[in-house]
Amino acid sequence: MQTEKPNETGCGTGKGTLPCPCGSLAYPYIAMQEKNPSRYNRGEALQTGTLFPGLNLPFKAAITENLKINNTALAELMALDFAVDELGLYLTTHPDDQEVLDLYWSYIKLANEGREKYQKMYGPILQTDLTPEDGYAWLRDPWPWDEGGKR
């Protein structure tokens, strides 16, 4: 019978030191998505951390309970950008899904329109949104949190 040789931590092969000495290492599982999976709306997706319910991890429920995002113009932009990123990741593995591709382009359009409207009212969102005419407007007051986070 062959015995396991200790590794540099003193544990056998396939063992690690966290959370306890010589505990078994975890093997990750990544769920594969089917074509045309169900989707959360943008707000739910932003709060749960995924656009797709099938990828929602159970431990996220505790975080979701504590993370309540107000329905503001900035929150809507965040939700749209999040949905665009999630759909882009999905399309990487499902490039022929026309329904999701159409949704992807519609969310990009909505996000661009919303960003333009937001910036006309409140100024640039990102440093890269500045124009030479603005100078360095990024540093001008008020900041979103100066007005109670209503942006």
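Above this text you will find the structure in question.
Here's what I pulled together on the structure shown here. Worth saying up front: this structure is predicted, and the values here are computed from it rather than measured.

For the rest of this paragraph, the subject is the overall build of the protein. When you go through the protein residue by residue, the secondary structure sums to four helices and two strands. Secondary structure elements in the protein, listed N-terminal to C-terminal, are β-β-α-α-α-α. The burial tally for the protein puts 27% of its 151 residues in the buried class. Counting every atom, the protein has about 11000 Å² of accessible surface; 57% of that belongs to carbon and sulfur.

Bringing the nonpolar core into the picture now. Core analysis: the biggest nonpolar cluster contains 19 residues, and Leu 51, Leu 87, Tyr 104 and Tyr 107 have the highest contact counts within it. When contributions to this core are tallied by element, the ones reaching two or more residues are helix H1 (42-48), helix H3 (73-93) and helix H4 (98-122). Here the element with the most residues in this core is H3; it accounts for eight residues. Contact partners of Tyr 107, with chain neighbours within four places excluded, come to Arg 42, Leu 80, Ala 83, Val 84 and Leu 87.

By secondary structure assignment, the location of Gly 43 is in helix H1. On the basis of relative accessibility, which here comes to 37%, the residue Gly 43 falls in the partly exposed class. Distance from Gly 43 to Met 78, taken between C-alpha atoms, is 8.9 Å for residues 35 residues apart in sequence.

All chains considered together, the criterion is met by four salt bridges. In this structure, Glu 113 and Lys 109 form a salt bridge, with 3.8 Å as the shortest nitrogen-oxygen distance. On the criterion of helical spacing, the pair formed by Glu 113 and Lys 109 is a turn pair, its members being four residues apart in helix H4. Across the pair Glu 116 and Lys 120 runs a salt bridge, and its minimum N-O distance is 3.6 Å. Residue Glu 116 and its partner Lys 120 are located together in helix H4, separated by four residues, close to a single helical turn.

Relative to the 36 Å expected for 25 residues at 1.5 Å per residue, H4 spans 35 Å between its end C-alpha atoms, a close match to the ideal helical length. When we look at burial in H4, the residues that qualify are Val 100, Leu 103, Tyr 104, Tyr 107, Ile 108, Ala 111, Arg 115 and Tyr 118. Looking at the buried residues of H4, the elements they touch are H1 and H3. Once H4 finishes, Gly 123 follows within two positions and takes phi at roughly 100°, a positive value.

The topology assignment puts Thr 50 in the loop between H1 and helix H2 (60-66). A polar side-chain atom of Thr 50 sits 3.2 Å from the main-chain amide nitrogen of Phe 52. Within polar-contact distance, the side chain of Thr 50 engages the side chain of Glu 86 at 3.1 Å. Setting aside anything within four residues of it in sequence, one finds Thr 50 in contact with Tyr 40, Ala 45, Leu 55, Asn 56, Phe 82 and Glu 86.

What counts as what
Residues numbered from 1 in each chain as written. Predicted model: local features only at pLDDT ≥ 70, side-chain atom pairs only at ≥ 80, totals over all residues. Heavy atoms only, no water. Helix = DSSP H or I, 4+ residues; strand = E, 2+ residues; numbered from the N terminus. Buried < 20%, exposed > 50% of the residue type's maximum accessible area, 1.4 Å probe, protein only. Areas by Shrake-Rupley, 256 points an atom, 1.4 Å probe, with all protein chains shown as cover. Core = buried A, V, L, I, M, F, W, Y, C linked by side-chain atoms within 4.5 Å. Contact = heavy atoms within 4.5 Å. Salt bridge = Lys/Arg side-chain N within 4 Å of Asp/Glu carboxyl O. Expected span 1.5 Å × (residues − 1). Polar contact = N/O pair within 3.5 Å; in protein donor to acceptor, adjacent residues only side chain to side chain.

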